[in-house]
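This is what each chain is made of:
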Amino acid sequence: MWFAGGYQVAIPFLVLAAAAAGVACASDRERAPARGFYAEIAVSADTHPGDPLTRFGSGVSRSVIRWWYAPDPDRWRWEVETVGAVIDDGVLLTVVDADDAWEYDDRTHTYRRVGGRYASLGAEAMVLPSFGILVGPVRADSTDALMARWRERGDDPEVARAGEATVLGRRTQIVEIRAPAGNVARAFVDPERMFVMRWEFDGGDGGPSYRAEIAALDYGTEIDPARFTFEPPPGAREASLQQAASCSRASGPIGGASFPAEPGFLAPAYTPPGYRSAGAGAESGANTCEPIAVWVTLEADDGGAILLRQRYRPGGMPTLDRSWQRVDSRLDEAHRHSEDGVLSVLWRAGDIVALLRADAVTLEELLRIAESAGLVPRGTR
């Protein structure tokens, strides 16, 4: 196993988990009247400067979340669309009908039913928000009540008011939460609706930073009940539910003179002279131990670098804009792209979509790497 480090585009999941907690966080005596709404949320995340993926612009995640919510009983639908990351682009769908939740990923073309997971959320679900992202409704009577609740959770956080700001035409009160580790989160709370309009998280020196903001809001609207009905798309596969607590992964040494091999993904047989693997990581899917995406970086003594990212995408290739050009090769659906001195090659091999990026090798070398790649059978280590 060559997993070492844990890069993944996890912001959407944090948004969903925290938002679910926000909807169901308070006891009955604290509950404020809930209103139906439709919201669009813009989410961005920057990794820390030392992350090897930032060199090729792969350390930034941008997502758009479309959120329908209806009360009595609580029902909601999230469509989390990742944009701008090319190989990660796609939509994650969650539909909750108050008793059960359905999840569907159009990249893997799989869905699963999660019974009781969201219906069981109670007051203890809302942890200190500096460890996630919170946008949307919070069931507290006032900003002061919300601040008091946050002071009671986590490891002695400092919670204080930090001024006011206007977000989407609404006056908000800024609440700042400082953790002992130096992380700072800011919630922009609409006190009239008790609705968090913006959430900012500063990871401090070397840490990641996040931002989520309501970009459009239709508040107090009736939502069509059909929004909360899930029907698996044609050909979608039902995934088995696996408890994350049972998962374990081992780390292996990095520094070999070739691309490391991960079962179920591609392993190039050719490595340009002078390059050695310098870092690697993997992303697992929700409720599964199997990796759905892997990456590895190679570095040369002269400072050149190569990034290979792969994702399990039986749903097909991502949508590409006109800056990507078809390239003649022995690969299936191969495309090339060049920007800011970085050359990229994207191609498909069965259910795997792979992306090579480099800043000091030719297109011919990238194609030679890609054309030499073979699928590593699952079950091999």
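The shown structure was predicted, so the numbers you read here are calculated from the model rather than taken from an experiment.

1. Some thoughts on the overall build of the protein chain
Secondary structure assignment for the protein chain yields three helices and 22 strands. Taking all 381 residues of the protein chain together, 51% fall into the buried category. Sequence-distant contacts, at least 24 apart, represent 57% of the contacts inside the protein chain between residues at least 6 apart. Summing over all exposed atoms, the protein chain offers an accessible surface of approximately 17300 Å²; the carbon and sulfur share of this is 46%.

2. Some details on the confidence of the model for the protein chain
In low-pLDDT segments, the atomic positions of the prediction should not be examined closely. Looking at the protein chain as a whole, the pLDDT averages 79, with 75% of positions reaching at least 70. Across the protein chain, the secondary-structure element scoring lowest on mean pLDDT is helix α1 (residues 11–23), at 39, and the one scoring highest is helix α3 (residues 363–371), at 96. Scored below 50 in pLDDT, residues 1–32 makes 105 contacts in the model with residues more than four places away or belonging to other chains. Scored below 50 in pLDDT, residues 243–253 shows 18 contacts in the model against residues more than four places distant or in partner chains.

3. Quick notes on the pairing of strand β10 (residues 184–190)
For a regular strand, side chains alternate in direction, first toward one face of the sheet and then toward the other. When you tally the buried positions in β10, you get six out of seven residues, the bulk of the element. As paired elements, strand β9 (residues 170–178) and β10 share six bridges and run antiparallel to each other. Within β10, the position partnered with Glu176 by the bridge is Arg186. The turn joining β9 and β10, which pair antiparallel and follow one another in sequence, is formed by five residues; a positive phi near 105 degrees is taken by Gly182. Pairing between β10 and strand β11 (residues 195–202): seven bridges, direction antiparallel. Its bridge partner lying in β11, Ala187 is registered against Trp199.

4. Things to note about the packing of aromatic side chains
Throughout the structure, instances matching the rule amount to 13 aromatic pairs. Considering the side-chain rings of Phe37 and Trp67, the 5.0 Å spacing of their centres and the 80 degrees angle between planes classify their relative orientation as edge-to-face. Residue Phe37 is found in strand β1 (residues 37–46), and its partner Trp67 is found in strand β2 (residues 60–70); the two are separated by 30 residues along the sequence. Ring centres of Phe37 and Tyr69 lie 5.3 Å apart, and the angle between their planes is 35 degrees; on these two criteria the pair is classed as tilted. Of this pair, Phe37 sits in strand β1 while Tyr69 sits in strand β2, and the two are 32 residues apart along the sequence. You'll find Phe37 and Tyr69 in the same group, each marked buried. Here the aromatic cluster, defined as three or more aromatic residues joined through ring pairs, consists of Phe37, Trp67, Tyr69, Trp76, Trp78, Phe195 and Tyr219.

5. Some details on the sheet that holds strand β16 (residues 291–300)
Judged by pairing direction, the sheet is antiparallel, and its seven strands sit side by side in the order β15-β16-β17-β21-β20-β19-β18 without closing on themselves. On the outer flanks of this sheet lie β15 (275–284) and β18 (325–326), each paired with one strand and no other. Where α3 meets the sheet, its contacts fall on β17 (305–312), β19 (332–339), β20 (342–349) and β21 (352–358), and the angle it forms with β20 comes to roughly 25 degrees.

6. A closer look at helix α2 (residues 143–151)
Given 3.6 residues per turn, any residue in an α-helix points the same way as the ones three and four places further on. Within the span of α2, buried status applies to Thr143, Leu146, Met147, Arg149 and Trp150. One face of α2 carries all of its buried residues, which in axial projection span an arc of 160 degrees. Lining the buried residues of α2 we find β8 (158–167), β9, β10 and β11.

7. Structural notes on unusual backbone geometry
Backbone torsion omega between Asp72 and Pro73 reads -5 degrees, so that peptide bond is classified as cis. Along the chain, the position of Pro73 falls in the loop between β2 and β3 (75–83). Unlike most non-glycine residues, Leu168 shows phi in positive territory, near 55 degrees. With respect to the helices, strands and loops of the structure, Leu168 is situated in the loop between β8 and β9. Under the relative-accessibility criterion, Leu168 is labelled partly exposed at 42%.

8. A look at the nonpolar core
Burial of nonpolar side chains together is a common tendency in soluble globular proteins. In terms of nonpolar packing, the biggest core is built from 39 residues, with Ile41, Trp150 and Trp199 touching the most fellow members. In this structure, Leu266, Tyr270, Ala354 and Leu367 belong to the second largest nonpolar core, which totals 31 residues.

So, how was this worked out
- Sequence order as written defines residue numbering, which begins from 1 separately in each chain.
- In view of the model being predicted, local features appear only for residues whose pLDDT reaches at least 70, and side-chain atom pairs are presented and counted only at 80 or more, with totals across whole chains, interfaces and linings using the full set of residues.
- Only heavy atoms go into the side-chain values, all of them from the structure, while hydrogens and water stay out.
- Helical segments are the DSSP runs of H or I of at least four residues, strand segments are the runs of E of at least two, and each set is numbered from the N terminus.
- Note on classification: 1.4 Å probe, protein chains only; a residue is buried when its accessible area is under 20% of the maximum for its type, exposed when over 50%, partly exposed between these limits.
- Two residues qualify as a contact provided that any one of their heavy atoms is within 4.5 Å of a heavy atom in the partner residue.
- The method behind every accessible area is Shrake-Rupley, applied with a 1.4 Å probe, and residues are considered shielded solely by the protein chains displayed.
- What pLDDT expresses is the predictor's confidence in each residue, scored from 0 to 100.
- Whether two strands pair comes down to DSSP finding at least two bridges between them.
- Working definition: rings of Phe, Tyr and Trp (its six-membered ring) pair if their centres are within 6.5 Å, and the pair is stacked with planes under 30 degrees apart, edge-to-face with planes over 60 apart, and tilted otherwise.
- Only the stretch in contact is used when fitting a helix axis, every axis being a line fitted to C-alpha atoms; angles between N-to-C directions are given from 0 to 180 degrees.
- By construction, the arc corresponds to the directions joining the helix axis to the C-beta atoms.
- Throughout this description, the term nonpolar core refers to a set of buried Ala, Val, Leu, Ile, Met, Phe, Trp, Tyr and Cys residues connected via side-chain atoms within 4.5 Å.

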